[in-house]
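The chain contents come next:
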Number of protein chains: 2
Amino acid sequence: MSINKKIGKRILALRKIQNLSQEALAHRANVDRTYITGVETGKRNVTVRVLERIIHALESNFGTFFNDKVFLDEK
Amino acid sequence: MSINKKIGKRILALRKIQNLSQEALAHRANVDRTYITGVETGKRNVTVRVLERIIHALESNFGTFFNDKVFLDEK
DNA sequence: TTGTGACTAACAGTCCGTC
DNA sequence: TGACGGACTGTTAGTCACA
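Note that this is a predicted model, so its numbers are computed, not measured.

1. Focus: the protein's contact with DNA strand C
Next up, step 1: In the vicinity of DNA strand C there are 21 residues, among which Q22(A), K43(A), Y35(B), R44(B) and T47(B) approach most closely.
Next up, step 2: Within 4 Å of the protein, atoms of DNA strand C come from sugar and phosphate in 59% of cases.
Next up, step 3: Between a base nitrogen of DNA strand C and a side-chain N or O atom of R44(B), the distance comes to 2.5 Å.
Next up, step 4: Within the side chain of T47(B), an N or O atom sits 2.4 Å from a phosphate oxygen of DNA strand C.
Next up, step 5: Contributions of two or more residues to the surface near DNA strand C are made by helix 1 (3-17) and helix 3 (33-40) of chain A together with helix 3 (33-40) of chain B.

2. As for the environment of G63(A)
Next up, step 1: As for its placement among the helices and strands, G63(A) is situated in helix 5 (residues 62-66).
Next up, step 2: On a C-alpha basis, the gap between G63(A) and G42(A) in space is 20 Å, while along the polypeptide they are 21 residues apart.

3. Some remarks on the packing of helix 2 (residues 22-29) of chain A against helix 3 of chain A
Residue and element names in this part refer to chain A.
Next up, step 1: Orientation of helix 2 relative to helix 3, taken along the N-to-C sense of each, is 105 degrees, at an axis distance of 8 Å. For the element pair helix 2 / helix 3, the angle class is roughly perpendicular. Listed contacts from helix 3 to Q22, E23, L25 and A26 of helix 2 are R33, I36, T37 and E40.
Next up, step 2: In terms of residue class, the contact of helix 2 with helix 3 is made up of 3 nonpolar, 2 polar and 3 charged.

4. Overview of the interface of chain B and chain A
Next up, step 1: Listed as interface residues are 13 residues of chain B and, on the opposing side, 13 residues of chain A.
Next up, step 2: Of the roughly 1500 Å² buried where chain B meets chain A, counting both sides, 67% is carbon and sulfur surface.
Next up, step 3: Inspection of the chain B/chain A interface yields 6 residue pairs in polar contact (both at pLDDT 80 or more).
Next up, step 4: Contributions of two or more residues to the side of chain B that touches chain A are made by helix 1 (3-17), helix 4 (48-57) and helix 5 (62-66) of chain B.
Next up, step 5: Of the residues belonging to the side of chain B that touches chain A, the class tally is 7 nonpolar, 4 polar and 2 charged.

5. Concerning the protein's contact with DNA strand D
Next up, step 1: Around DNA strand D there are 19 residues in total, and Y35(A), T47(A), R15(B), Q22(B) and K43(B) lie nearest to it.
Next up, step 2: A distance of 2.9 Å separates a phosphate oxygen of DNA strand D from a polar side-chain atom of N45(A).
Next up, step 3: Contact distances for DNA strand D include 2.9 Å between a phosphate oxygen and a side-chain N or O atom of R53(A).
Next up, step 4: At the level of elements, helix 3 and helix 4 (48-57) of chain A together with helix 1 and helix 3 of chain B are the ones that each hand at least two residues to the surface near DNA strand D.
Next up, step 5: Broken down by class, the residue content of the surface near DNA strand D amounts to 3 nonpolar, 8 polar and 8 charged.

6. Some details on the relation of the copies chain B and chain A
Next up, step 1: Laying chain B over chain A is done by rotating through 180 degrees and shifting 0.1 Å along the axis; what remains is an RMSD of 0.2 Å. Taken together, the rotation and translation relating the two chain copies correspond to the operation of a two-fold axis. When C-alpha positions in chain B are compared against the rotation axis, the closest is assigned to T47(B), at 2.1 Å.
Next up, step 2: Take the interface residues of chain B: 100% of them recur as interface residues in chain A, which is what a same-surface contact looks like.

Procedures and definitions
Residues numbered from 1 in each chain as written. Chains lettered and ligands numbered in written order. Predicted model: local features only at pLDDT ≥ 70, side-chain atom pairs only at ≥ 80, totals over all residues. Heavy atoms only, no water. Near = heavy atom within 4 Å. Polar contact = N/O pair within 3.5 Å; in protein donor to acceptor, adjacent residues only side chain to side chain. Helix = DSSP H or I, 4+ residues; strand = E, 2+ residues; numbered from the N terminus. Axes fitted to C-alpha atoms, helices over the stretch in contact; angles between N-to-C directions. Parallel < 35°, antiparallel > 145°, perpendicular 65-115°, else oblique. Contact = heavy atoms within 4.5 Å. Nonpolar A, V, L, I, M, F, W, Y, C, P; charged D, E, K, R; others polar. Buried area = accessible area lost by both parts, 1.4 Å probe. Least-squares fit on C-alpha atoms with pLDDT ≥ 70 in both.

Have a look at this one:
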């Protein structure tokens, strides 16, 4: 599984926990809604600068974001 | 401190621990030598795909890479 | 509410060097 | 050995109409 897909899954999971729509998250992170779609579906290869905005919008941080089994599994 | 500078510092630290030159790391990660310089000095905004290669070349992973005080400090 | 294809400006990333 | 520069190509950021 590509890093992009892993990140997409993680973002989706965190977004669902917070009961946010893609649009609400997009607004918080100051990116376009369709951009969030692209990231969540693993189609975008994000830069750390944008990823930082999204992670903060999810009220998380890099440490906890990547401390998830999604990033440890070999799938 | 920008996310790029934090990542640069972290990569430099891990590289020093392993006693690698920038060139050796670049070779392992399959990126250009001058690119490592740019990343370590915080001038480059890396994509997660390349960051993954660099982290693996440092024999680390995203979880432990970002589990560092550099990414927690507000500096 | 979410996904897709297409688009341009900006920049990621390479390769050639010099200091 | 590492920082830095210019020139270059490929890819991402950011947005839109549409489904």
